[in-house]
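The chain contents come next:
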Amino acid sequence: MPETVREFKPAGPEPAYMERINRLKKRVLETRPEMDLENARILTRGFIESEGEPLVLRKAKAFYKQCAEKSVAVLDDELIVGCPGSKIRGGILCADSCWSVLDRELDTISSRSYDPFYLQPADREAFLNEVKPYWKGRSNYEQWLARIPDETRILRDSGVVYIDRKAVRGFGETTAGYRWLINEGVEGITAAVKKRRAELDIARPGDYEKDCYLQALLIAAGGIIKLAERYAKEAELLASTEPDMQRKKELETIAETCRRVPARPARSFREALQALYFYQVAIFMEQNAASYNPGRMDQYLWPYYRADLEAGRITAEEAQELLDCLWVKFSEPCLFQDAGTAEFAAGYPMFQNVCVGGVDETGRDAVNDLSYMILQATMEVRLYQPSLSVRYSMAKNPNSFLRKVVELISLGTGFPAFHNDDQGIMMLMNKGIPLREAYDWNPCGCVETNLEGRLRQYTALADINLGSMVEFALTDGKSRKHGRQVSRQTGDPAFFTGFEDFLQAVKDQVAHAVRAVVIGSHVIDEISMDRPCPALSLTFKECIDRALDYSRGGAKYNVGNGIILIGVADLVNSIAAVRHLVFDTGQVSMERLLAALNDNFEGHEDIEKLCREAPKYGNGETLADQVAGEMFTFIADEIEKYSSKFGAMTPGILPVSGNTPFGLEIGALPSGRRAWQPLADVVSPSGGTDLSGPSAVLKSVAHLPHSRYVQGTLLNMKVEPAMLNTENGITRLMALLKSMCSLGVYHVQFNVIDQETLIRAQENPEQYKGLLVRVAGYTAYFSELGKNVQDEIIGRTVQQGNPVG
Amino acid sequence: MAIKPVKKPTAGSVLRIERSSIHDGQGLRTVIFLKGCPLNCAWCSTPESKNNSPEKGYAAEQCRGCGRCVDSCPCGAIYFETGSRQVRTDPAKCSICFHCVKICPAGAIKKYGSTLTVPEVMRQVTTDEVFYFHSGGGVTLSGGEPLNQAAFSAEVLKECKALGINTAMESCFYSDYKNIEMILPWLDTLYVDLKHLDSVVHEEWIGSDNRLILDNIIKADRGPGPLAIVVRVPLVPGFNDSDQNLLSTLRFCMKLNRLKEIEILPYHRLGSETYVHLGLDYSCRDLKPPTAELLLERVSFMKRQGSGIDISAGSGFTSG
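Residues numbered from 1 in each chain as written. Chains lettered and ligands numbered in written order. Predicted model: local features only at pLDDT ≥ 70, side-chain atom pairs only at ≥ 80, totals over all residues. Heavy atoms only, no water.

Novice: I'm lost on the packing of helix H9 (residues 178-198) of chain A against helix H12 (residues 269-286) of chain A in this one. Help?
Specialist: Each pair of packed helices can be summarised by the angle the axes make with each other and by the distance between the axes. Residues and elements named next belong to chain A. At a minimum axis separation of 10 Å, H9 and H12 run at an interaxial angle of 125°. The orientation of H9 with respect to H12, classified from their angle, is oblique. The handedness of the crossing between H9 and H12 is right-handed. Seen from H9, the contacting residues are Tyr178, Leu181 and Ile182; seen from H12, they are Ala272, Ala275, Leu276, Tyr279, Gln280 and Ile283. (Axes fitted to C-alpha atoms, helices over the stretch in contact; angles between N-to-C directions. Helix = DSSP H or I, 4+ residues; strand = E, 2+ residues; numbered from the N terminus. Parallel < 35°, antiparallel > 145°, perpendicular 65-115°, else oblique. Left-handed = near helix turned anticlockwise from the far one by under 90°. Contact = heavy atoms within 4.5 Å.)

Here it is in structure tokens:
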């Protein structure tokens, strides 16, 4: 269904609607994130009222109560309305999942260093007097803490694995069936539930349970309708007293829209957007979690936009304004997570991943006008949400689309996340989804893969610290930091007779950690069976057909949980260094290397230099790249070896910021990295070791078997402004992205090294030690250049076509 | 079975190889900087490319004064400067073995250049084939002066053409024409410097007059093959930015049949530190790079002459 492609003028006067958008933005930016206990208090009262009833009904009734009783506000300038809590930048405590994480942080949450939330005294009181007393002993998190298997616990407690994430918040990591909801309305879905319910006979074994479940779905559906009605009423009330005629009209339109959707099928682009956002609010209210992904908005909203345009009901500009308003809404909620988890993913990360481009269900080009308008919305709004992703099909998507993507990249916001469509499709197929449906995949959270309304999984259940794997192979399983035996014994390295012995020890350590994570994952799956989510399940058709909740495997496809690897370059570079220095060239004996690592290279600067100069991943060097290929094939094999009751376990490489806390657990490594420093970021080379430019980075990264890492692989690259601020630069970046697709790399996103960064680096060279710039035909560390040359590079960054990179 | 005599691969003196360059020709390119240059431009931004053979430099600001190089130099050529923790090398004793480069923990002693064979160069070149394919890029020989090692350069370019890789060369064209003839069959685009049209001024600033260069350009322009020529003018304020010189440049270029465009490249000082590292004097210390305004003004001045020639402010570098 590709249609005409509309070109946007790149510059020009700001459209008139930007005044409204800027006011909306200002409100978000000037509002401090706060804890919002309203949701937890209503949930608690709801559960108190329903003691003795089946869990899923209690959850549904509590959800209905939240919809019926929560505060409802239509704020100035809004065109799209809805808020999951009582505060626009509220963090919601998911009390039934994890009330106790707030309990631990009552005194610190307002000022903690990662993602502070201001806690009002009244909310604190409410927590202590209402929420805590009821939930004590009843939450999923407490179940987890009581049941962590020993094998998992010791690694968890020593910073080798991080596995609490799904115990300290709700499901998330999913793409609900927005399309169905918008097209059929809640009433259409309700009709399907009722039809299914009519087929049941509660005299038959098992049907009572199903009946309760379908009843719960109906209650949740009623809640969503109730919520929209309350917004309609509020808008009507405001309209009746609004003196400004234009705003009065806007409020009346809001009221009319909320009367219609999401209860009934959307009839217009505006109704479709409002229906989408109400449902987004609803599933977030049900369970606080990151990564509720709207997915392929350019596909499922396109028929509404096109119909409006054809009927003359909307102009492109009006549609853009509505999209921009929705974009601001996406940036309002803040993910509440405990301090430890926040360290692994800082920045209140809601990860509501919106996707454009790719192919349609027939495998043809899916790009349409809306794809461009969605990119444009991010260019105009420039807030942290939604997470914008591109599915780029090199064979099918037009160059004009790729160019628009590069124009957005050049703004330096870090968006969009650029995905190689063919690899994404392969990942879905490797999850067991047939090609016909794999065509419809969407990026989820960071770079995970998902399928709208059909797929259940925890995409990032646990993280494994790959730095530990090297450390343990060289310490016979002891942690340098904790000074005790943490992992299995894989042999005293003094007795390794060849490289193979060392490599086997690393592999054995990996195998041990994977097993420990799988065991823990099974426990979390078990606990999650009692984490019903009827509002979310409502748009998974098969949950209705099977009368089985999402949490219990009701979705059409279920796969094993995601196991995430952190410290790719540290692992690869360390193995390559040991091979090169100890076994291939014999420049350093194992004893001397171990002594140097033990002393954090203090007094062993000669060995440190050799370690740093050993072959490094990211330069297209054969030795390091071969290690990358072999190890990450082994790790994928090892993870896929295990299954949960939902399917084969799934690997991915996508830490958000876990490389920093994991680094604090690891002593010096043979890669030349000193103790307690952050590990390398995702699949990117270690900072400051990629001396050969972007093509070499991509060639190295291409050695990983990307499509086997079905939860995605994330690559961050720095880009020189010269690539972006000239006509030639833009077409060259387009070529670079196509090359990346040819090489089978799955994902990349860019940070632009701007003038401000360089000035900061000049002032604080210590913090920017690894910052590389291109000088005249070569790459150098910015901090090592003399001030004159630095100044010249800084000065040239603003000119056209200059050599900074 | 008769064993074929193995031909020893041709080797060249290479300063460095830069991958995914966007400054020296179309698309994403691998630029091979060769060592050795016959000219002596005062503003040269790559002084480490002047000598034919590998050499070493010393960045005093990075030196930690640990003395490892002093202690372990096999020739005893390195010593501490009196009253300081900085080191010096006695060129009479130094055997240029680069042992000091290997052991310096601070990376303060640098090696400029290495000897590479054609297959070694081609191994690096072919790594980026996919990038050339998508960007219309390829390989650029630069320097230094590729014509100083014409046999090596020709062999690299020939191998590139055999693989369908686009080729370019940046050259000052100060060379015997027979060297140029070796290259031309394998060259798609020639980037040639026109520093000054007045032979006397040219000699005064660069040490050689320009007649050989101008003759060579004309000959290459009249020669066989589908060659495209891009004339590059390194804009050095006070040397060649006058109306008169730019007009002479235009007049010369109008004689060329294969001229694609003229690129005006701003003089820059990014190489000034390398002079210090090599222990050389940077005579252009007080020479200011042209401002963006001046550069654009000079370009539009040339455009106004209405010669019909494409003229642009280039983003590339000029080494001399």
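Having put the structure on the table, let's press on.
Novice: I tried to follow the sheet that holds strand S8 (residues 138-142) of chain B on my own but got confused; where do I start?
Specialist: What links the strands of a sheet is backbone hydrogen bonding, and the strands pair in either a parallel or an antiparallel sense. All names here are of chain B. The strand order S7-S1-S2-S8-S9-S10-S11-S12-S13 describes an open sheet built from nine strands, whose pairing is mixed. At either end of the open sheet lies a strand with only one pairing partner, and these are strand S7 (114-117) and strand S13 (311-313). Taking the axes of each pair of neighbouring strands and ignoring which way they run, one obtains an average angle of 30° across the sheet. By the bridge criterion, four bridges tie strand S9 (residues 166-171) to strand S10 (residues 189-193) in an arrangement that is parallel. The residue bridging Met169 from the neighbouring strand is Leu190, located in S10. (Pairing = 2+ DSSP bridges.)

Novice: What is the right way to look at the pairing of strand S11 (residues 228-235) of chain B in this model?
Specialist: Each regular strand shows side chains that alternate between the opposite faces of the sheet. All names here are of chain B. Buried residues dominate S11, accounting for eight of its eight residues. The alternating pattern of S11 places Ala228, Val230, Arg232 and Pro234 and Ile229, Val231, Val233 and Leu235 on opposite faces, both of which are buried. The pairing of S10 with S11 spans five bridges and is classified as parallel. Looking at the pairing, Val192 lines up with Val231 of S11. Alignment of S11 against strand S12 (residues 259-266), held across seven bridges, turns out to be parallel. Its bridge partner being in S12, Val230 is matched across the sheet by Glu261. (Buried < 20%, exposed > 50% of the residue type's maximum accessible area, 1.4 Å probe, protein only.)

Novice: Quick question: what am I supposed to make of the interface of chain B and chain A here?
Specialist: Interfaces are often described in size by the accessible area the parts lose on coming together. With 39 residues of chain B at the contact, the number on the chain A side is 39 residues. Overall, the association of chain B and chain A removes approximately 3100 Å² of surface from exposure, summing both partners, and the carbon and sulfur fraction of that is 56%. For the pair chain B and chain A, the number of links is zero salt bridges. Residue assignment for the side of chain B that touches chain A shows that the elements contributing at least two residues are strand S1 (11-21), helix H2 (99-103), helix H4 (129-135) and helix H10 (272-278) of chain B. Residue contributions to the side of chain B that touches chain A peak at five residues, all from S1(B). (Buried area = accessible area lost by both parts, 1.4 Å probe. Salt bridge = Lys/Arg side-chain N within 4 Å of Asp/Glu carboxyl O.)

Novice: What is the right way to read helix H14 (residues 302-310) of chain A from this model?
Specialist: Residues spaced three or four apart along an α-helix point in a common direction, a consequence of the helix completing one turn every 3.6 residues. All names here are of chain A. All of the buried residues in H14 are Trp302, Tyr304, Tyr305 and Asp308. End-on, the buried residues of H14 take up no more than an arc of 165°, which puts them together on one face. Among the structural elements, H9, H12, helix H13 (297-300), helix H15 (316-330) and helix H17 (369-381) are those in contact with the buried residues of H14. Taken from the residues just after H14, Gly312 is the one with a positive phi, measuring 70°. (Arc of directions from axis to C-beta.)

Novice: Mind showing me how you'd approach the side chain of Asp24(B) here?
Specialist: All names here are of chain B. By secondary structure assignment, the location of Asp24 is in the loop between S1 and strand S2 (29-34). Residue Asp24 is classed as buried on the basis of its relative accessible area of 3%. Of the polar contacts made by the side chain of Asp24, one reaches the side chain of Ser21; its length is 3.5 Å. (Polar contact = N/O pair within 3.5 Å; in protein donor to acceptor, adjacent residues only side chain to side chain.)

Novice: Help me out: how do you make sense of the sheet that holds strand S14 (residues 562-566) of chain A in this one?
Specialist: Residues and elements named next belong to chain A. An order of S3-S10-S14-S17 is seen for the four strands of this open sheet, with the pairing classed as mixed. The open sheet has two edge strands with one neighbour each: strand S3 (161-162) and strand S17 (650-652). Here two bridges tie S3 to strand S10 (residues 462-465), and the two strands are oriented antiparallel to one another. When the sheet's bridge partners are listed, Val161 is paired in S10 with Ile464. Its contacts with the sheet put helix H22 (residues 499-528) on S3, S10 and S14, and the angle it makes with S10 is roughly 160°.

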